Amino acid sequence: MEQFTLSKNEINSFVGDIRTLSIIGAEDLSAVTWTTSDPEIVKIRKFDDYKKGVLITLLKEGNAVISAAVGTETVTCSVVVRLGQQADPNGEFNYYMGDFHAHTTSIHVKDKFKERVGESADDMVSKVRKEGKFDFFTISDHECLLDGEEVFSVYEAAEKNQTEDFVAFPGIEAQLDIDSTDRYGLPRRDSGEVVTINPQGTTGAKSWEEFVEKIQPSPYTIASLAHPQVLGYSRYGIWNFKLAEQTKPFMRDIVHMVEMGQGNYVDGKLLREWNLVGERIYSLALDCGYKVGPNCASDSHGPVWGSDSYPGRTIILAPRKSKELFLDALKNARVYASENGNTKVFYTVNGKQAANTLALTTDYEFCIHIEPFRKPCEKISHIDIVSDYGLTVWSGEFDSETIDIRVKLHSETARYFFIRIFSENGMRTWSAPIWTGRAFDECPLPAFEGKPIDKKCWSVQSDSGADPERVINGDPNTPWKADGTSATLTIDMKQVETVCGFGYYPHIPERGESGGYAHYISDYEYYVSVDNIHYEKVCSGMYREFGGEQILRIKPVEARWVRLKVLSTTGSASRKPGYTDKEVRIGELDVYRV
């Protein structure tokens, strides 16, 4: 008869916490049985390929007992679950820095992904903790390439390195594969990777429903949309989460962050250029009713981790440093992102701090204070106040390390605001949002029923660049190039049609192409005419997604000519040196009829 014990005799923690529990001493675990006295209070996550340990999720306030039986021997662990601490949303907050996306692995190739560079999960988290520059840290290895023991080791490492001065979160980067082929025969990826903090499950999925079912959200599971709009590795194409088309209420319960900046810089060069467009998914998520905040993450695959892997920081606003208060902050979007990791932002709207919901009004007074966490520092050069659909509703030019300003705005439609700050070297900071209390867009959008109009007889003229017919040649992989960051194209459809939408197909950049993400259309205006003399503007705005064809829906209107005015590119809008002069490129344009 084997004698054995458990790694813990008692667990005392808060609702939503996940703890490890393992068997010590028993050799033959093939027939081990784990049970809970109350599955409504405590849930056990077992591994098919790892019998030594389990994950214990605390679901509800109360008491329970976990039992492990091997043969005729049974040992127990008592569990006491209390309610977690929650911060006063109008209280005083401190600023805590860290990274929610890092890997213990060095090579992002499936058959080599588990080749370590001498770092276990515990070694990695311990190294970052001992460095003393982060307040929190998360390992988020790719779930599809980990076995049960490796998953368990991530949770164990987080638990082992938890101190009063350092919060370690367990995490997983899960794959969400919603793939298809579009009408041009090109791959479409309405999905991506999701960094999931504090999950019970770890398996990727083919739909959001399957993802949530397998990830088994705990009360404090936090999902972050990782590197949105990155050029996919396993299948060529820009990843898009297509939130307007795919959002369902249950998704809003777990998605609470969007990665804005990610990767690293070498000699001032942005190595992961999808950062130029990733921020647009933040405003898109807000428009779809998500309670999200922005984050910056290293996505480091080694050999450097911690503060030296990437200058950007995710900054949590919390009254004290603790796991439960940090999770409460993330759940309520009290988090912001800074590419330089050195921008301290405090702002109020009508006296309320960021991540609050205001009393319904039409007049808004902003009090904005910005200063560096440390000196020397770059000066602030530009500030935007951003609102619905990612559009800037106020901006100002500056030349100072510290900013104290008051701004008054009037709006009868705004649903949210956030602050975007530019340093003189192009580094950006995005604040947590604040909500006005107005209703959000209907999600998911109803299916678009417009039909693409045959282009074989069309002609097109442009005020810039050569060969404008490339935008209607039926091949998005032969992009038209303008001479600058703005352009006007006029399409003659040769007959009057009842138009209900416009299609824009961004070109897919070549892998490794410098500046590829800077050529997309940012701000636009569409006009229509029946006589090529009098033009009516039918829509305007900012493109925010670039994976596959992007369709703008309009109220049906009679038109023969369609005019697209490109007002800016993603590069010029980014204000980042080296990208602001990248010319417009368009893969394909389409017009849809009723």
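So, here's what we can say about the structure. It should be emphasised that the depicted structure is a prediction, and the values quoted were computed from it without experimental measurement.

On to the overall build of the chain, then. Along the chain, the regular secondary structure elements total nine helices and 39 strands. Dimensions of the chain along its principal axes, counting C-alpha atoms only, are 90 × 50 × 45 Å. Residue burial in the chain is summarised as follows: out of 594 residues, 59% are buried. In the chain, once contacts between residues fewer than 6 apart in sequence are set aside, the share between residues at least 24 apart is 73%. Working note: accessible area of the chain is about 23,400 Å², and carbon and sulfur atoms make up 47% of it.

The next subject is the state of the cysteines. Per the stated rule, a full pass over the model turns up zero disulfides. In this structure Cys 288 is not part of a disulfide, and its nearest cysteine sulfur, from Cys 443, lies 3.5 Å away. Given the relative accessible area of 2%, Cys 288 is considered buried. The thiol of Cys 296 is unpaired, and the distance to the nearest cysteine sulfur, on Cys 377, comes to 17 Å. Of the residues examined, Cys 296 reaches a relative accessible area of 0% and is grouped as buried.

Among the surface-exposed residues, Asp 48, Asp 49, Asp 147 and Glu 149 lie close enough to one another that they form a single negatively charged patch. Structurally, Asp 49 is set in the loop between strand E5 (42–47) and strand E6 (50–58).

Packing of helix H1 (residues 121–131) against helix H2 (residues 148–160) brings their axes to within 8 Å, and their N-to-C directions diverge by 30°. On the basis of their axis angle, the class for H1 and H2 is roughly parallel. The two elements H1 and H2 cross, and the hand of that crossing is right-handed. Seen from H1, the contacting residues are Ala 121, Asp 122 and Val 125; seen from H2, they are Ser 153, Val 154, Ala 157 and Lys 160. When grouped by side-chain class, the residues that make up the contact of H1 with H2 number four nonpolar, one polar and two charged.

Let's shift gears to the side chain of Ser 298. Counting through the fold element by element, Ser 298 comes out in the loop between strand E19 (293–297) and strand E20 (313–318). Here Ser 298 falls in the buried class, since its relative accessible area comes to 4%. Of the polar contacts made by the side chain of Ser 298, one reaches the side chain of Asp 99; its length is 2.5 Å. Sequence-distant contacts of Ser 298, that is, excluding residues within four places in its chain, are made with Asp 99, His 101, Ala 102, Gln 262, Gly 263, Arg 272, Ser 309 and Tyr 310.

This part takes up the pattern of salt bridges. The tally for this structure, following the rule as stated, stands at 37 salt bridges. One salt bridge in this structure joins Lys 60 and Glu 40, with 3.3 Å as the shortest N-O distance. Here Glu 40 lies in the loop between strand E4 (33–36) and E5 and Lys 60 lies in the loop between E6 and strand E7 (62–70), a separation of 20 residues in the sequence. Given a relative accessible area of 54%, Glu 40 falls into the exposed group. With a closest N to O distance of 3.3 Å, Arg 189 and Asp 179 form a salt bridge. One end of the pair, Arg 189, is in strand E13 (residues 187–189); the other, Asp 179, is in strand E12 (residues 179–181), with ten residues separating them in the sequence. Residue Arg 189 is classed as buried on the basis of its relative accessible area, which comes to 1%. Through salt bridges with shared partners, a single network forms among Glu 279, Glu 339, Asp 384, Arg 420, Arg 428 and Lys 576.

For the peptide bond that leads from Lys 375 to Pro 376, omega is 5°, which places it in the cis range. The topology assignment puts Pro 376 in the loop between strand E24 (363–372) and strand E25 (380–386). Cis geometry is found at the peptide bond from Cys 443 to Pro 444, where omega equals 0°. Its place among the elements puts Pro 444 in the loop between strand E30 (434–435) and strand E31 (451–452). Within the chain, Asp 299 stands out as a residue other than glycine whose phi angle is a positive 50°. As for its placement among the helices and strands, Asp 299 is situated in the loop between E19 and E20. Here Asn 532, not a glycine, exhibits a phi torsion of approximately 65°, which is positive. In this structure, Asn 532 sits in the loop between strand E35 (523–529) and strand E36 (536–542). For Asn 532, a relative accessible area of 37% corresponds to the partly exposed category.

Counting 44 residues, the largest nonpolar core has Phe 502, Tyr 504, Ile 521, Tyr 526, Leu 564 and Ile 586 as the members making the most contacts within it. Taken together, the elements giving at least two residues each to this core come down to helix H6 (275–278), strand E34 (487–505), E35, strand E37 (550–566) and strand E39 (588–593). Ile 586 has contacts with Val 471, Pro 479, Trp 480, Leu 489, Tyr 504, Tyr 505, Ile 521 and Leu 564, leaving out every residue within four places of it along the chain. With 37 residues, the next largest nonpolar core counts Val 212, Ala 285, Cys 296 and Phe 418 among its residues.

Moving on to empty space enclosed by the protein. All told, the structure shown has three cavities of 30 Å³ or more when counted by the stated rule. Estimated volume of the largest cavity: approximately 40 Å³. Taken together, Leu 489, Ile 491, Phe 502, Gly 503, Tyr 526, Val 562, Leu 564, Leu 589, Asp 590 and Val 591 form the lining of the largest cavity. Secondary-structure elements contributing two or more residues to the lining of the largest cavity are E34, E37 and E39. Per-class residue counts for the lining of the largest cavity are eight nonpolar, one polar and one charged.

Parameters at a glance
Residues numbered from 1 in each chain as written. Predicted model: local features only at pLDDT ≥ 70, side-chain atom pairs only at ≥ 80, totals over all residues. Heavy atoms only, no water. Helix = DSSP H or I, 4+ residues; strand = E, 2+ residues; numbered from the N terminus. Buried < 20%, exposed > 50% of the residue type's maximum accessible area, 1.4 Å probe, protein only. Contact = heavy atoms within 4.5 Å. Areas by Shrake-Rupley, 256 points an atom, 1.4 Å probe, with all protein chains shown as cover. Disulfide = S-S within 2.5 Å. Patch = residues over 30% accessible without salt bridge, like charges linked within 9 Å, V, L, I, M, F, W, Y side chains within 5 Å. Salt bridge = Lys/Arg side-chain N within 4 Å of Asp/Glu carboxyl O. Lys, Arg positive; Asp, Glu negative; His and termini not counted. Charge placed at Lys NZ, Arg CZ, Asp CG, Glu CD. Axes fitted to C-alpha atoms, helices over the stretch in contact; angles between N-to-C directions. Parallel < 35°, antiparallel > 145°, perpendicular 65-115°, else oblique. Left-handed = near helix turned anticlockwise from the far one by under 90°. Nonpolar A, V, L, I, M, F, W, Y, C, P; charged D, E, K, R; others polar. Polar contact = N/O pair within 3.5 Å; in protein donor to acceptor, adjacent residues only side chain to side chain. Core = buried A, V, L, I, M, F, W, Y, C linked by side-chain atoms within 4.5 Å. 1 Å grid on protein atoms, 1.4 Å probe; cavity = no way out; pocket = protein on both sides within 12 Å on 5 of 7 lines; lining within 4 Å. Points joined across faces, edges and corners; volume = space filled by probe spheres on them.

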